[in-house]
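# Observations on the model geometry
Given next are the chains, with one letter for each unit.
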Amino acid sequence: FNRGKTEEALGFFRAAVSIAPENGTAYNNLGVALISRKKYPEALAAHLEAVRLKPDWSLAVYNLGLAYVLCKNKPSALATQKTLQNLDFALARRL
């Protein structure tokens, strides 16, 4: 979806999460696509679900922290960064 096909990607990822609601990767990808469209509250919801399903996946935790930042929720972003430090310190420094 980096080549101007974000809406198509959104449709694909929405379908993926409806078909496989236990797939944390699909929720993470949906959240990334939503962020690219500046749909931050929706992206936050998708990333919350991704982390619920895959709590030890550092990329999902990072993307959740980013969604909190974009939603201007600094306390939650900082708490997420602290969690991420235990999973991937280098990635946490980027948040």
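A few points on the structure. Bear in mind that the values here come from a model prediction, so they are computed numbers and not experimental data.

Another point: the packing of aromatic side chains. Geometry of an aromatic ring pair is reported as the spacing of the ring centres plus the angle between the planes. Across all of its chains, the model carries one aromatic pair by this definition. Ring geometry for Phe12 versus Phe13: centroids 5.3 Å apart, planes at 70°, classification edge-to-face. Looking at Phe13, the relative accessible area reads 11%, which means it is buried. The cationic tip of Lys54 hangs over the ring face of Trp57; the distance from NZ or CZ to the ring centre is 4.5 Å. Taking NZ or CZ as reference, Arg94 lies 5.6 Å from the ring centre of Tyr62, over its face.

Take the packing of helix H1 (residues 6-19) against helix H2 (residues 24-36) next. Relative orientation of the contacting elements H1 and H2 amounts to 150°, with a least axis distance of 9 Å. Relative to H2, the element H1 is oriented roughly antiparallel. Of the two possible hands of crossing, H1 and H2 adopt the one that is left-handed. Seen from H1, the contacting residues are Thr6, Leu10, Phe13, Arg14, Ala16 and Val17; seen from H2, they are Ala26, Tyr27, Asn29, Leu30, Ala33, Leu34 and Ser36.

Before going further, it helps to spend a moment on the pattern of salt bridges. Under the definition given, this model contains three salt bridges. A salt bridge links Arg14 to Glu42, with the shortest nitrogen-to-oxygen separation between them at 3.4 Å. A residue pair is termed long-range when its members are at least 10 positions apart, and Arg14 in helix H1 and Glu42 in helix H3 (residues 40-53) qualify at 28 residues. For Arg14, a relative accessible area of 35% translates into the label partly exposed. Given the relative accessible area of 37%, Glu42 is considered partly exposed.

Counting 25 residues, the largest nonpolar core has Leu30, Leu34 and Leu84 as the members making the most contacts within it. Looking at this core, the elements with two or more residues in it are H1, H2, H3, helix H4 (58-70), helix H5 (74-87) and helix H6 (89-94). For Leu30, the contacting residues outside a window of four places in its chain are Leu10, Phe13, Arg14, Val17 and Ala46.

Analysis parameters
- Residue numbers run consecutively from 1 along every chain, following the written order of its sequence.
- In keeping with the predicted nature of the model, local features appear solely for residues at pLDDT of at least 70, side-chain atom pairs appear and are counted solely at 80 or more, and the whole-chain, interface and lining totals rest on all residues.
- Remark: hydrogens and water are excluded; side-chain values derive from all non-hydrogen atoms of the structure.
- Two rings from Phe, Tyr or Trp (for Trp, the six-membered ring) form a pair when their centres sit within 6.5 Å of each other. Planes less than 30 degrees apart are called stacked, planes more than 60 degrees apart edge-to-face, and all others tilted.
- Residue exposure (1.4 Å probe, protein chains only): buried if accessible area is under 20% of the type maximum, exposed if over 50%, otherwise partly exposed.
- Two conditions define a charge located above a ring, namely a distance within 6 Å from the ring centre to NZ of Lys or CZ of Arg, and an angle within 35 degrees of the ring normal.
- In this description, a line fitted to the C-alpha atoms serves as the axis of each element, helices being fitted only across the stretch in contact, and the angle between N-to-C directions of two axes falls anywhere from 0 to 180 degrees.
- Going along the chain from the N terminus, every DSSP run of H or I of four or more residues is numbered as a helix, and every run of E of two or more is numbered as a strand.
- Roughly parallel refers to an angle under 35 degrees, roughly antiparallel to one over 145, roughly perpendicular to one between 65 and 115, and oblique to any angle outside these ranges.
- In this scheme the crossing of two helices becomes right-handed for a clockwise turn of the near helix relative to the far one and left-handed for an anticlockwise turn of less than a right angle.
- Two residues form a contact once any of their heavy atoms are found within 4.5 Å.
- Salt bridges are identified by distance alone: a Lys or Arg side-chain nitrogen within 4 Å of an Asp or Glu carboxyl oxygen.
- By nonpolar core is meant a set of buried Ala, Val, Leu, Ile, Met, Phe, Trp, Tyr and Cys residues that side-chain atoms within 4.5 Å join together.

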